Amino acid sequence: MNVGLKTPILPAGEPAAAAAAHSLGEGGLVAFPTETVYGLGADATNPAAIARLYQAKGRPAFNPLIAHVGDISAARQIARFDDAAMALAEAFWPGPLTLVLPKTEGCAVAELATAGLDTVAIRIPAHPVARDILRLFGRPVAAPSANLSGHVSPTTAAHVESDLSGRIDLIVDGGAVAVGVESTIVGCFDQPMLLRPGGLARTEIERVLGRALLQPPVDADSDSGQPLAPGMLASHYAPRARVRLHADRIEPGEALLAFGLGAISGIDAASAVMNLSARGDLAEAAANLFGFLRALDAKGVRTIAVMPIPDEGLGEAINDRLRRAAVGRE
Ligand code: TXA
Ligand code: MG
């Protein structure tokens, strides 16, 4: 394994998919694009590989992982689907939705990957490169976002390289991702619950369910207590810069993360300006979000002032990630 050396980067294609599947089979760690963000994959059934994955990310081992599979029959081998779960799977898979479901008796996913829970998070990604790798590998792939724990999720292979080169075995470069924020996570408990807003808007899910998603209890969001989606630590999506939300003016020297074409005072004194979407398109803003946070960080700015972003559609996920980026820094 390549730990300590620079990690090889292969352009997406058949040889890369074959190399990825081979490496996963040997317990390797492979970063690959999904439509949401780049994932860092390991064989979900191999506890040693999962242990290395937690180590490479510097991730607390109590934070369980999403098992990625190629099709619904593979998903049904590891989890039990009730009617609501089946309806969501049929409507939105492959795609940016993760379902948290009870494990089956014979669930092959390692205990370490589910952090000892009796539920498992599952997703069928839509990205062709992810799908090729899953098909060739044939077993579930545990894949958190391919960043160091606590950093902003990667939306390009270069982001993965800057966080993880030398710590993982292979990076498959499939270009910039389309969605740009992580999958929406729904817990299929007695009543379906929105555990994490993400790349699939809440309203689309609610339309299929025919009812509103429950909200998790408030402390599911905090660093203390026992969160329902344990990874939803309050401060998680963290650039180095301080993040100031709902800015209606720019203080001298601050960087501006803009949205739309609304006017904002003090912009002449801004140290940098990036617009998530000048035309006010939330999908475009989601796709740009993490890359722009990294780019502003790379300029060494001290504070990023963020203009208000509407809390509808994908705006719910964007505002969630921005709030997390701001925690402890406001
Ligand atoms: O878009 C995505 O979901 C990306 C790509 C790579 O698929 N993956 C991703 O994984 O964002 P990660 O590990 O960064 O986030 C997974 C989240 C964490 O908040 C974790 O706590 C939660 O899913 N999770 C995993 N298993 C769970 C379970 N059994 N119950 C509740 N939450 C769970
Ligand atoms: Mg993550």
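Residues numbered from 1 in each chain as written. Chains lettered and ligands numbered in written order. Predicted model: local features only at pLDDT ≥ 70, side-chain atom pairs only at ≥ 80, totals over all residues.

The protein chain appears in an unreviewed UniProt entry as Threonylcarbamoyl-AMP synthase from Bradyrhizobium lablabi. UniProt's Subcellular location (unreviewed entry) comment on the protein chain is quoted here verbatim: "Cytoplasm". (UniProt positions renumbered as here; feature names shortened; annotations may be inferred.)

A. Quick peek at the domain arrangement of the protein chain. Partitioning the protein chain into domains gives domain 1 (9-221) and domain 2 (242-326). On the side of domain 2, 15 residues touch domain 1, which itself brings 14 residues to the contact. (Domains from an automatic or database assignment. Contact = placed C-beta atoms within 7 Å.)

B. Up close: the packing of helix H1 (residues 14-25) against helix H5 (residues 128-137). Contact geometry of H1 with H5 gives a least axis separation of 9 Å together with a crossing angle of 50°. On the basis of the axis angle, H1 is oblique to H5. The two elements H1 and H5 meet at a crossing, and its hand is right-handed. Contact residues: H1 offers Ala17, Ala18, Ala20, Ala21, Leu24 and Gly25, while H5 offers Val129, Asp132, Ile133, Leu136 and Phe137. Grouping the amino acids of the contact of H1 with H5 by side-chain chemistry returns nine nonpolar, one polar and one charged. (Axes fitted to C-alpha atoms, helices over the stretch in contact; angles between N-to-C directions. Helix = DSSP H or I, 4+ residues; strand = E, 2+ residues; numbered from the N terminus. Parallel < 35°, antiparallel > 145°, perpendicular 65-115°, else oblique. Left-handed = near helix turned anticlockwise from the far one by under 90°. Nonpolar A, V, L, I, M, F, W, Y, C, P; charged D, E, K, R; others polar.)

C. Just the environment of leucine 289, in detail. With respect to the helices and strands, leucine 289 occurs in helix H8 (residues 282-298). For leucine 289 and alanine 176, which are 113 residues apart along the polypeptide, the C-alpha to C-alpha distance reads 12 Å.

D. Fine view of the sheet that holds strand E10 (residues 192-196). The mixed open sheet is built from 10 strands, whose spatial order is E1-E8-E2-E3-E7-E4-E6-E5-E9-E10. Only two strands of the sheet have a single neighbouring strand rather than two, namely strand E1 (9-11) and E10. Taken together, the four bridges between strand E2 (residues 30-33) and strand E3 (residues 38-43) define a ladder with antiparallel strand orientation. Bridging from a neighbouring strand, proline 33 pairs with tyrosine 38 of E3. Across the sheet, H1 lies against E1, E2, E3, strand E7 (141-142) and strand E8 (170-173), angled at about 150° from E8, the strand it touches most. Contacting E3 and E7, helix H2 (residues 47-57) runs over the sheet at an angle of about 150° to E3. (Pairing = 2+ DSSP bridges.)

E. Just unusual backbone geometry, in detail. A cis amide bond links tryptophan 93 with the next residue in sequence, proline 94, at an omega value of -5°. A positive phi angle is found at alanine 115, which is not glycine, with a value near 55°. Its place among the elements puts alanine 115 in the loop between strand E5 (97-102) and strand E6 (119-123).

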